[in-house]
Amino acid sequence: MPLPPSSRQLLDIAVEVAREAAATAHRMRVDGVSTVATKSTDTDVVTAADRAVERQVVDALRRLRPTDAVLGEEYGAGDTPTAGPGGVRWIIDPIDGTVNYLYGLPYCAVSLAAEVDGEVVAGVVRNVVTGDEWTATAGGGAYRAGARLHCSTQTDLGQALVATGFGYDPARRSHQARVVAELIPHVRDIRRMGAASLDMCLAAEGRLDAYFEKGLAPWDIAAGGLIAAEAGLRVTGLRGLPPGPDLLLAAPPALFEPLHDRLADLDASGGP
Ligand code: IPD
């Protein structure tokens, strides 16, 4: 029976595959982008690149690790195997920040993570336009360009730059906007840049102090969540829950409690 792969081996594969995927996304962007479909709402778009990049990633993973399971934003599990005990599952967001990609804004990324027994153990996020790349392995730290990353040391919520995002559903967006309206007087400022994975990577570097969002999917969270956690942020849901669709909060230890409590008071995980 072969030994299970180490987190490092999985990360090496993730990086190789994500780099090729980001090159494809970049090339397709240069050639011109159009939407090919919408998903949950009229503004939740899918481009030809989202689909082509996910296919490319799945094909590459099948070549390199034929028995692994896969979960992707556009095609789900496809016809890949189910991960058994000790098995690996890859979680793919082919283009996180699709609306930025559509508009040519340089804040969109390929996000690829490897999970073993339901725990994310390796992840990479690569900005499709700038080529910036963040990586992490569970217990092995988070890195960009060879430098180990550490989250913000900010201790005062009033001085914190906090990023968030909005879902595509209008009723959900209204609730999220109300939460932000109540939060903004209590923080330095709010950023909504449009790619959850990159927001978590910037928080991992302390270029944002914290990040929260309701309604994220596993592919939005997997790689960026590991990178943030490995840089020292607490990555959780509200009231002791794990991060998930109800809420993901990534905050440095000193900001965690005040931000968590304010978000709980504002019912940030509630609404539609
Ligand atoms: C979206 C982005 C955005 C976040 C949304 C996500 P997509 O992912 O990460 O920042 O606010 O909740 O759905 O649709 O561009 O892959």
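Further up the page is the structure itself.
What comes next is a walk through the structure.

About the criteria used
- Think of each chain on its own: its residues are numbered from 1, step by step along the sequence as written.
- It should be noted that, the model being predicted, local features are given only for residues of pLDDT at least 70 and side-chain atom pairs only at 80 or more, the latter also being counted only at that level, while totals for whole chains, interfaces and linings use all residues.
- Working from all heavy atoms in the structure, the side-chain values ignore hydrogens and water.
- Lines fitted to C-alpha atoms define the axes, with helix axes restricted to the stretch in contact, and inter-axis angles between N-to-C directions lie between 0 and 180 degrees.
- Put simply, DSSP marks the helices as runs of H or I at least four residues long and the strands as runs of E at least two long, and each gets a number from the N terminus on.
- In this scheme, roughly parallel covers angles under 35 degrees and roughly antiparallel covers those over 145, while 65 to 115 is roughly perpendicular and the rest are oblique.
- The contact definition used throughout considers only heavy atoms, calling two residues in contact when any of these lie within 4.5 Å.
- Residues are sorted three ways: Asp, Glu, Lys and Arg are charged, Ala, Val, Leu, Ile, Met, Phe, Trp, Tyr, Cys and Pro are nonpolar, and all the rest, Gly among them, are polar.
- Any residue with a non-hydrogen atom lying within 4 Å of a molecule or strand is treated as near it.
- Polar contacts, as used here, are pairs of N or O atoms within 3.5 Å; protein pairs need one atom able to donate a hydrogen and one able to accept it. Residues neighboring in sequence count only if both atoms are side-chain atoms.
- Areas reported as accessible are Shrake-Rupley estimates using a 1.4 Å probe. Residue values count occlusion only from the protein chains shown.
- Buried and open spaces are told apart on a 1 Å grid over the protein atoms alone, a cavity being a set of points where a 1.4 Å probe fits but cannot get out and a pocket being an open set with protein on both sides within 12 Å along at least five of seven lines. Residues with an atom within 4 Å of a point are the lining residues.
- Each molecule is checked against the cavity or pocket grid, and it sits inside if more than half of its atoms lie within 2 Å of the grid points.
- What counts as a domain boundary in this text is fixed by an automatic or database domain assignment.

Describing the packing of helix H5 (residues 196-204) against helix H6 (residues 218-230)
No. 1: It is the contact of H5 with H6, at a shortest axis distance of 8 Å, that shows an interaxial angle of 0 degrees. As the angle between them shows, H5 and H6 are arranged roughly parallel. Contact residues: H5 offers Ala196, Ser197, Met200, Cys201 and Ala204, while H6 offers Asp220, Ile221, Gly224, Gly225, Ile227 and Ala228.
No. 2: For the contact of H5 with H6, the class distribution of residues is 7 nonpolar, 3 polar and 1 charged.

Quick notes on the site of the ligand
No. 1: Neighbouring residues of the ligand: 16 residues in total, closest Asp96, Gly97, Thr98, Tyr168 and Glu213.
No. 2: In this structure, glutamate 213 approaches the ligand through a side-chain N or O atom, which is 2.5 Å from an oxygen atom.
No. 3: Bound to the protein, the ligand loses 94% of the 380 Å² it would expose on its own.
No. 4: The site holding the ligand turns out to be the largest pocket.
No. 5: Among the elements that line the shell around the ligand, the one with the most residues is strand E4 (residues 88-96), at 3 residues.
No. 6: Among the residues making up the shell around the ligand, the classes are represented as 6 nonpolar, 4 polar and 6 charged.
No. 7: Looking at the shell around the ligand, you find at least three residues from each of domain 1 (7-148) and domain 2 (157-265).

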